[in-house]
Amino acid sequence: MADSIHKRGRGGSVPPELQGSQGAGSQGAGSQGAGSQGAWTSRGLARIAPPRGGDAALPAGSREGGAQPIALPDLSPIFLLSSFRTSSTWLWQKFRAAPGALAYYEIFNEHLDVLTGGGAAEVNYQSWNSRHPPGAPYFIEFLPLLREGGGIRGFNARMAFESFIPQGGPSGDLAPAENDYVELLITNARALGKVPVLSCTRALGRARGLKQAFGGRMVFCFRNLFHQWASYCGQFAEGNPYFIETVGWTLKAARHDPFLALVDDFTRARTADPADPLLFQAFLLLHLYLYAQAFEASDLTVDVGALAQDADLRHETEAVLSRLLGTAVDLSDARPSFDGAPLPVSGLHEVRDGLEQFAKLIRASCRTLPGADFVEAITAATFEEWERHDFYAGRARARHGVELEAMRARAEAAERTGAALAAERQAQEQVIAQLHGEKNGFAAQVEALEGAQDVLRQEILGLTAARDDLSARLAAAEAAALQQQAEVAALTAERRAQADLMTDAAQARAAEQALVAEMQHLADAATARLEAELAALSAERESFAAQLAELERMRAAALAAGDEALAAAEREAEATQARLTARIHALEVEHKALMARPTGVVASALAYLRPKS
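Being a predicted model, the structure only gives us computed values, none of them experimental.

Trainee: So what about unusual backbone geometry? Which residues, and what values?
Mentor: In this model, S87 sits at a positive phi of 65°, which is unusual for a non-glycine residue. On the secondary structure map, S87 appears in the loop between β1 (78-81) and α1 (88-96). Phi is positive for E106, close to 45°, though the residue is something other than glycine. Inspection of the secondary structure assignment puts E106 in the loop between β2 (101-104) and α2 (117-122).

Take a look at the structure:
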């Protein structure tokens, strides 16, 4: 069967943008001239023409004669579409290496919805046993479009498989959200002056939708389907069932497509066992259908398995890619690989017969004859490789069949033992879980008690502080009480002293009153005596006045009798007058003394009663 299969063009003609002359020696047997109806047969039926602007297929740098000038590309997007495990990462790295390109990796990868800056650094060829060639982490180109908190702007994980086939089928338009997201990627690359390269392993069903929405160039990368299935099986054998599981995910998500709904129903009894022919049949029908759609939407089809075996094909592919990217592309490191598929020989014819009936429907749905031929050719190539695999592996499988059966029996016994151990372990795990539950309950109780203890400790601290405050206040109150008691004692003593003084004062007042009464009595008696004496004195003065008058008369008589007798009379009269004046003065002094005596006694008593300082 064919080692390489190439596309001539839609409707039998090479697309104008990929037209160019080809050397006469480049066409194999049965080839047709440009513009004629293309077909798919054996190796070398049609060659890949260079893109717009070239007169011939330009060789890569490894060709004889050296590299030829390469025109700068425009900024139209390039879509690199493939399925899983088709060496698409290797081919994407070639695009990524072009200085003028910004190559996004798997634009509908579900992990983009949660991508972070740190996470992007961890997604590389060593993240898992991918067998990808060494290279930088895959999602660097997406970093400028990260959302705050993670994920790529405009993308959500549902786009990976739920939108694998547009609601209108493979010919339908993309969902608005997908349009906006792809437009964002293209705009970001163009803003940097780079050719947008958008690769994906989850976009075969929307190849036409992408082409209708964004134009550009579409490169379809594929691999012999039996080799691709062997790679799925190899990953499964290493503990990675992801690729096997994508078959079921895609069919379930695409049941709105009538053909894929038929495939899902027809293979509903499939298992997740790589040796299950029904699962392999579902894989083949899904990929034949998707490959037919992608082939007819693409501008360039690359069979990566053929590149390693066909140097002419590799050189021509290098020339076309160099034209697209504006830089030399080297594919000389293409290498064939095969993991091994555990499909039984007995299932080959059954799968082939069933597949042929569905393949008729797929070929009938193709819009072009080359598309139908492509489906027929890759179907034949797939079964050819299965037969070849059985040819080389059949004897070894038969030789080791007995041993495999014994191993299977031991495995079943081990599985039963494992099941018993698993049941026992499950019971132990239940006991452990119960103990853990009780432990967690106790831990919760201890935690609650510790919380309550902390609360009580805080309350005790608060009460201690309140007690200390009350003690301080009580000490202050006791000190104040002692001071008040001292003051009360002092006041009591003072009050007693005052009472004593008041008693003494009362006694003194009574004595004073008695003394005053006595003194009043004495004063009254003295006053009466003095008044009597004053009356006597007044009478005596009147007597003296009479005597003086008599003396005056006698003086006048004496004057008349003589001066000597007059002088003697005057001397006697003056002496009498002097005695009377002295006697009156003495009486007045005595009277004043008597009048002042009671007042002096009262003053002495009050002075006695007055408090001593």
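Trainee: How would you summarise the side chain of T301 if you had to cite specific residues and measurements?
Mentor: Mapped onto the fold, T301 is located in strand β5 (residues 300-303). Residue classification places T301 among the buried positions, given a relative accessible area of 2%. A polar side-chain atom of T301 sits 3.4 Å from a polar atom in the side chain of S298.

Trainee: Which residues make up the sheet that holds strand β3 (residues 195-200), and what values go with them?
Mentor: One open sheet accounts for five strands, arranged β2-β3-β1-β4-β5; its pairing is parallel. Of all strands in the sheet, those with a lone pairing partner are β2 and β5, marking the two edges. Adjacent strand axes in the sheet meet at a mean angle of 20°, parallel and antiparallel pairs treated alike. Summarising the sheet, β1 and β3 pair through four bridges and their orientation is parallel. Across the sheet, the residue bridging to L80 is S199, located in β3. Along the sheet, helix α4 (residues 176-191) contacts β1, β2 and β3; its crossing angle with β3, the most-contacted strand, is approximately 140°.

Trainee: Give me the lowdown on helix α7 (residues 242-253), citing residues and values where you can.
Mentor: Between its first and last C-alpha atoms α7 spans 16 Å; for 12 residues at 1.5 Å apiece the expected length is 16 Å, and the two agree. Considered for burial, the residues of α7 that qualify are Y242, F243, I244, T246, V247, G248, T250 and L251. In the core, the buried residues of α7 are packed alongside α3 (158-161), α6 (225-237), α8 (258-266) and α9 (277-297).

Trainee: Any details on helix α11 (residues 311-325)? Residues and values, ideally.
Mentor: Here α11 contains 15 residues, and its C-alpha end-to-end distance of 21 Å stays within 8% of the 21 Å for a straight helix at 1.5 Å per residue. Summarising burial for α11: 13 of the 15 residues are buried, a large majority. Put simply, D310 is the residue that caps the front of α11, since its side-chain oxygen is 3.1 Å from the backbone nitrogen of D312. In the segment just after α11, G326 is the residue with positive phi, at about 75°.

Trainee: Can you explain the packing of α7 against α9? Please cite residues and give values.
Mentor: Running from amino to carboxyl end, α7 crosses α9 at an angle of 60°, the nearest separation of the two axes being 10 Å. It follows from the interaxial angle that α7 and α9 lie oblique. Relative to α9, the crossing made by α7 is left-handed. For the pair formed by α7 and α9, the contact residues are I244, V247, T250 and L251 on the first element and L279, A282, F283 and L286 on the second. Here the contact of α7 with α9 is composed, by residue class, of seven nonpolar, one polar and no charged.

Trainee: Pulling in residues and values, what's your account of the nonpolar core?
Mentor: Counting residues in hydrophobic clusters, the biggest one holds 108 residues, and the most contacted among them are F95, I107, F142, Y181, V182 and W229. At 15 residues, α9 tops the list of elements feeding residues into this core. Residues within four places of I107 in sequence aside, it is in contact with L112, F142, F155, Y181, V182, L185, L198, S199 and C200.

Trainee: How would you sum up the side chain of R223? Please name residues and give values.
Mentor: Along the chain, R223 turns up in the loop between β4 (217-222) and α6. Among the polar contacts made by the side chain of R223, one reaches the main-chain carbonyl oxygen of R85 at a distance of 2.9 Å. For R223, the side chain forms a polar contact with the main-chain oxygen of S337, separated by 3.0 Å. Setting aside anything within four residues of it in sequence, one finds R223 in contact with R85, T86, Q228, S231, Y291, D303, V304, S337 and F338.

Trainee: Mind laying out empty space enclosed by the protein, listing which residues take part and the relevant values?
Mentor: Across all of its chains, the model carries seven cavities of 30 Å³ or more by this definition. In this structure, the second largest cavity occupies an estimated 60 Å³ of space. For the second largest cavity, the full set of lining residues is S83, F84, F164, T201, L204, Y232, T246, V247, T250, L286, H287 and L290. Looking at the lining of the second largest cavity residue by residue, the class counts come to seven nonpolar, five polar and no charged.

Trainee: Break down the packing of aromatic side chains for me, with residues and values.
Mentor: Within the structure shown, the criterion is met by 35 aromatic pairs. A ring pair is formed by W229 and Y232, whose centres lie 6.1 Å apart and whose planes are at 40°; its orientation type is tilted. Within this pair, W229 and its partner Y232 are both found in helix α6, separated by three residues, close to a single helical turn. Under the relative-accessibility criterion, W229 is labelled buried at 0%. A residue is classified by how much of its surface remains accessible, and Y232, at 0% relative accessible area, is buried. Relative to F358, the ring of F259 has its centre 6.2 Å away and its plane inclined at 80°; by these criteria the two rings are edge-to-face. With F259 in helix α8 and F358 in helix α12 (residues 347-365), the pair connects residues that are 99 residues apart, well separated along the chain. Its relative accessible area of 9% is what places F259 among the buried residues. Looking at F358, the relative accessible area reads 11%, which means it is buried. For R85, the ring lying beneath its charged end belongs to F243, and the centroid distance is 5.5 Å.

Conventions used here
Residues numbered from 1 in each chain as written. Predicted model: local features only at pLDDT ≥ 70, side-chain atom pairs only at ≥ 80, totals over all residues. Heavy atoms only, no water. Helix = DSSP H or I, 4+ residues; strand = E, 2+ residues; numbered from the N terminus. Buried < 20%, exposed > 50% of the residue type's maximum accessible area, 1.4 Å probe, protein only. Polar contact = N/O pair within 3.5 Å; in protein donor to acceptor, adjacent residues only side chain to side chain. Pairing = 2+ DSSP bridges. Axes fitted to C-alpha atoms, helices over the stretch in contact; angles between N-to-C directions. Contact = heavy atoms within 4.5 Å. Expected span 1.5 Å × (residues − 1). Parallel < 35°, antiparallel > 145°, perpendicular 65-115°, else oblique. Left-handed = near helix turned anticlockwise from the far one by under 90°. Nonpolar A, V, L, I, M, F, W, Y, C, P; charged D, E, K, R; others polar. Core = buried A, V, L, I, M, F, W, Y, C linked by side-chain atoms within 4.5 Å. 1 Å grid on protein atoms, 1.4 Å probe; cavity = no way out; pocket = protein on both sides within 12 Å on 5 of 7 lines; lining within 4 Å. Points joined across faces, edges and corners; volume = space filled by probe spheres on them. Phe/Tyr/Trp six-rings, centres within 6.5 Å; stacked < 30°, edge-to-face > 60°. Lys NZ or Arg CZ within 6 Å of the ring centre and 35° of its normal.

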